[in-house]
Amino acid sequence: MTGRQWASGIGGLLVCLALWQVLVGSGFVEYDLLPSPWTIAGGLATMVTEPAFAVEVGHTLAATLIGWLAAVLAGTGLGAVLGTSPLARRYCLASIEVLRPLPAVAFVPVALLLFGFSLQMELLVIVAPALWPALVNTMEGFAGVPQRLTDVAATFHLKRSTRLLRVYLPAAAPAVVVGMRLSLSLALVMAVVAEMVGNPEGLGYALVREQQALHPDLMFGYVLVIGLLGMLLNGLLVWGSRLALPGLFRRPVARWDSA
Amino acid sequence: MEGRASASAVFELRNVAYTVPVREGPRHILRGVDFALGAGEILAIVGPSGTGKTSLIRIIAGLVAQTSGEVLFRGRPVAGPPEGVAVVFQDYANALLQWRTVAGNIALGIERRLDRAACARQIERCLALVGLERHASDYPWQLSGGMQQRVQIARALALEPAVLLMDEPFASLDAMTKASLQDEMLRLRGETGASFVFITHDIEEAIYLGDRVAVLRGRPGTLAETHEVGLGALRDQVATRAAPAFLQLRQRLHGAIGVHA
């Protein structure tokens with residue numbers, strides 16, 4: 001996004017917040033437990049000074065990242081094998097198509113039964129669904145490498161490992177990165193879900209705790225923090241992939257808003 | 001074709017046929033293709049689209065196996081891409097590694113064989129051969145089509161190939177760029193002594209570049225006839241194209257392909 005897009009976007013957000021503030025503040029809309037943005041900001045300000053807050057953020061962040069890393073390592077690895085081997089695809093695609101559409105939250109009771117209220121439970125709930133976007137996108141990235149590039153790799157007599165790492169992987173990289181991004185946002189969602197119903201730690205548990213304690217300002221505060229965490233993680237990943245693959249992601253794309 | 005002894009042939013194809021299985025049954029792409037490529041020679045193969053030109057290049061390059069017949073490189077059957085043969089493809093955008101700079105692309109075939117200094121020297125030499133000295137650190141997508149095709153040619157030359165197989169390399173370029181790359185190719189042949197198989201659908205281009213021109217036609221495609229060009233080694237975009245021998249051959253080839261001049 002350009003600077004101007006950011007400015008306009010933030011402007012739109014401010015208008016919505018002002019509208020909310022006016023509607024709730026004036027008593028035009030009356031809910032006992034719907035605080036105004038101003039009240040939420042106050043709750044957020046006290047919340048972040050609590051020592052427990054850093055622990056909660058740390059827990060959710062760690063669980064998300066560990067689960068995501070495991071999902072991405074397994075997903076891209078398997079995806080690369082499936083994408084480069086039509087034989088492997090033929091034998092595995094049916095299983096993938098059966099397992100993949102299983103709703104992510106359906107793993108929660110399964111994981112609870114297996115591991116109880118624990119970090120293992122949380123990690124299983126994260127890894128099982130976050131695996132698929134990484135796997136499927138990587139597979140399609142590798143399977144979609146243009147025949148011309150495989151021709152080039154063959155006529156240049158590149159070794160198998162060189163072909164894989166220096167030609168096919170970079171060619172598939174945009175798809176791999178898309179898979180990693182989808183996995184990351186899913187990993188955060190699943191971490192919060194797991195903490196809400198299973199592992200009583202982190203931001204998800206804090207959210208439920210404040211809801212049950214009838215602290216709507218703090219509850220909304222946690223919702224906001226979870227959202228910001230998601231934005232931050234995605235931004236870091238995009239920034240990192242641009243840094244790692246300068247030739248791929250700096251390519252100027254025709255923009256729909258260039259006028 | 002008998003005029004060239006097959007002992008001196010770099011590439012030799014004998015009765016090559018190529019068939020691919022499709023849902024409706026076998027599809028015959030090529031049949032009865034024979035030719036011999038002499039050392040230092042440019043053999044132009046001209047044919048309309050759909051006659052199996054790209055399949056032919058991929059068979060010669062060892063990228064796909066013929067269904068029947070023989071493909072010999074220096075007298076030995078080709079099984080996989082032979083050492084000393086480089087290919088330049090028509091679709092440079094797919095053939096170049098878009099995430100590597102121009103220099104990085106040229107390094108692709110040599111970075112694991114030469115030490116760092118030798119590799120850098122070779123890149124520099126090949127960049128100079130195609131006139132891209134000032135674009136070593138550009139990415140392919142920052143260059144025009146003609147320049148990208150030069151990168152692909154430089155990358156092939158870096159291998160110091162004995163044979164260059166070119167599949168309609170200038171087909172998607174504008175007339176001016178095409179003419180200058182044609183002259184560059186003739187100059188490079190003079191400097192490197194390499195042999196070329198040059199596939200094109202452009203009759204004039206085939207005559208301008210070729211020592212011999214073979215006609216590929218029909219479905220399945222077959223090499224119908226081969227003509228000596230006989231225009232000498234020195235060619236000129238204006239004078240050569242106006243020479244009576246050029247015009248005569250152009251007319252004969254138009255007739256052979258079935259298009260009227």
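Residues numbered from 1 in each chain as written. Chains lettered and ligands numbered in written order. Predicted model: local features only at pLDDT ≥ 70, side-chain atom pairs only at ≥ 80, totals over all residues. Heavy atoms only, no water.

Engineer: For the overall build of chain A, give the residues involved together with the corresponding values.
Structural biologist: The helix and strand inventory of chain A stands at eleven helices and zero strands. Mapped in sequence order, the helices and strands of chain A form the string α-α-α-α-α-α-α-α-α-α-α. In terms of principal-axis extent, the alpha carbons of chain A reach across some 75 × 55 × 30 Å. Each of the 259 residues in chain A was classed as buried or not, and the buried ones make up 39%. Accessible surface for chain A amounts to roughly 14500 Å². Of this, 71% is attributable to carbon and sulfur atoms. Between the averaged position of the 15 positive side-chain charges in chain A and that of its 13 negative side-chain charges there is a distance of 27 Å. (Helix = DSSP H or I, 4+ residues; strand = E, 2+ residues; numbered from the N terminus. Buried < 20%, exposed > 50% of the residue type's maximum accessible area, 1.4 Å probe, protein only. Areas by Shrake-Rupley, 256 points an atom, 1.4 Å probe, with all protein chains shown as cover. Lys, Arg positive; Asp, Glu negative; His and termini not counted. Charge placed at Lys NZ, Arg CZ, Asp CG, Glu CD.)

Engineer: Requested: an account of a nonpolar patch on the surface, with residues and values cited.
Structural biologist: Residues and elements named next belong to chain A. On the surface, Trp 6, Ile 10, Leu 13, Leu 14, Leu 17, Leu 224, Leu 228 and Met 231 cluster together into a nonpolar patch covering about 800 Å² of accessible area. Within the residue set of the nonpolar patch, elements represented by two or more residues are helix H1 (3-25) and helix H10 (216-244). Residue contributions to the nonpolar patch peak at five residues, all from H1. Structurally, Ile 10 can be placed in helix H1. (Patch = residues over 30% accessible without salt bridge, like charges linked within 9 Å, V, L, I, M, F, W, Y side chains within 5 Å. Salt bridge = Lys/Arg side-chain N within 4 Å of Asp/Glu carboxyl O.)

Engineer: Provide a residue-level description of helix H9 (residues 202-212) of chain A, including the pertinent values.
Structural biologist: All names here are of chain A. For H9, the set of buried residues is Gly 202, Leu 203, Gly 204, Ala 206, Leu 207, Val 208 and Glu 210. Contacts from the buried residues of H9 go to helix H3 (51-84), helix H8 (160-197) and H10. Just downstream of H9, Leu 214 is the residue with a positive phi angle, here 55°. (Contact = heavy atoms within 4.5 Å.)

Engineer: I'd like a rundown of the confidence of the model for chain A, residues and numbers included.
Structural biologist: Taken as a whole, chain A shows an average pLDDT of 88; of its residues, 94% reach a score of 70 or greater. Predicted confidence in chain A is weakest over helix H11 (residues 246-249) of chain A, with a mean pLDDT of 64, and strongest over H3 of chain A, with 95. (pLDDT = per-residue confidence, 0-100.)

Engineer: Break down the pattern of salt bridges for me, with residues and values.
Structural biologist: The tally for this structure, following the rule as stated, stands at 23 salt bridges over all chains. Salt-bridge contacts for Glu 12 of chain B lead to Arg 14 of chain B; the nearest nitrogen and oxygen are separated by 3.4 Å. Among the residues examined, Arg 14 of chain B registers a relative accessible area of 35% and is labelled partly exposed. Across the salt bridge formed by Glu 24 of chain B and Arg 27 of chain B, the nearest N and O atoms sit 3.9 Å from each other. Several salt bridges converge on common partners, so that one network encompasses Arg 148 and Asp 151 of chain A together with Arg 58 and Asp 91 of chain B.

Engineer: Tell me about the side chain of His 59 of chain A, residues and numbers included.
Structural biologist: All names here are of chain A. Following the sequence through the fold, His 59 ends up in helix H3. In this structure the side chain of His 59 is engaged in a polar contact, spanning 3.4 Å, whose partner is the side chain of Asn 199. Not counting the four nearest positions on each side in its chain, His 59 is found in contact with Leu 119, Glu 122, Glu 195, Asn 199, Glu 201 and Gly 202. (Polar contact = N/O pair within 3.5 Å; in protein donor to acceptor, adjacent residues only side chain to side chain.)

Engineer: Describe the environment of Gly 43 of chain A, listing the residues and the values that go with them.
Structural biologist: All names here are of chain A. Note on placement: Gly 43 falls in helix H2 (residues 37-49). Separated by 175 residues in sequence, Gly 43 and Leu 218 have C-alpha atoms that sit 5.3 Å apart. Setting aside its immediate chain neighbours within four residues, Gly 43 contacts Asp 217 and Leu 218.

Engineer: Before we move on, can you summarise the interface of chain A and chain B with the specific residues and values?
Structural biologist: Contacts between the two partners involve 22 residues from chain A and, on the opposite side, 26 residues from chain B. Contact between chain A and chain B buries roughly 2300 Å² in total, counting both sides, with carbon and sulfur atoms accounting for 62%. In terms of surface lost to chain B, no three residues of chain A exceed Arg 148, Phe 156 and Arg 166 of chain A, which account for 30% of the buried area on that side. The salt bridge partner of Arg 148 of chain A is Asp 91 of chain B, with a shortest N-O separation of 2.8 Å. The interface formed by chain A and chain B holds four residue pairs in polar contact (both at pLDDT 80 or more) in total. (Buried area = accessible area lost by both parts, 1.4 Å probe.)

Engineer: Break down the layout of surface pockets for me, with residues and values.
Structural biologist: Residues and elements named next belong to chain A. Of the pockets and cavities examined, the second largest pocket occupies roughly 580 Å³. Lining the second largest pocket are 18 residues, and of these Leu 13, Leu 14, Leu 17, Leu 224 and Leu 228 lie nearest its centre. Those elements that place two or more of their residues in the lining of the second largest pocket are H1, H2 and H10. With seven residues, the top contributor of residues to the lining of the second largest pocket is H1. Residue composition of the lining of the second largest pocket, by class: 16 nonpolar, two polar and no charged. (1 Å grid on protein atoms, 1.4 Å probe; cavity = no way out; pocket = protein on both sides within 12 Å on 5 of 7 lines; lining within 4 Å. Points joined across faces, edges and corners; volume = space filled by probe spheres on them. Nonpolar A, V, L, I, M, F, W, Y, C, P; charged D, E, K, R; others polar.)

Engineer: Got a sec to walk through the pairing of strand E9 (residues 212-217) of chain B? Specific residues and values, please.
Structural biologist: Residue and element names in this part refer to chain B. For E9, the buried fraction is high: five of the six residues fall into the buried class. As defined by bridge partners, strand E3 (residues 42-46) adjoins E9 across four bridges and the pair is classed as parallel. Its bridge partner lying in E9, Val 46 is registered against Val 215. Alignment of E9 against strand E10 (residues 222-228), held across six bridges, turns out to be antiparallel. Opposite Arg 212, over in E10, you have Glu 228 as the bridge partner. Hairpin geometry of E9 and E10 is characterised by an intervening segment of four residues between the two adjacent antiparallel strands and by a positive phi of about 90° at Gly 218. (Pairing = 2+ DSSP bridges.)

Engineer: Let's hear about the sheet that holds E10 of chain B: which residues, and what values?
Structural biologist: All names here are of chain B. Taken in spatial order, the six strands line up as E6-E7-E8-E3-E9-E10 in an open sheet, and their pairing is mixed. For this open sheet the edge positions go to strand E6 (85-88) and E10, each flanked by a neighbour on one side alone. Within the sheet, the average angular offset between the axes of one strand and its neighbour, ignoring direction, is 15°. Against the sheet, helix H1 (residues 53-60) makes contact with E3, E6, strand E7 (163-167), strand E8 (195-200) and E9, and its axis sits at roughly 160° relative to E8, the strand it touches most. Lying over the sheet, helix H9 (residues 244-257) contacts E3, E9 and E10, oriented at roughly 20° with respect to E9. (Axes fitted to C-alpha atoms, helices over the stretch in contact; angles between N-to-C directions.)

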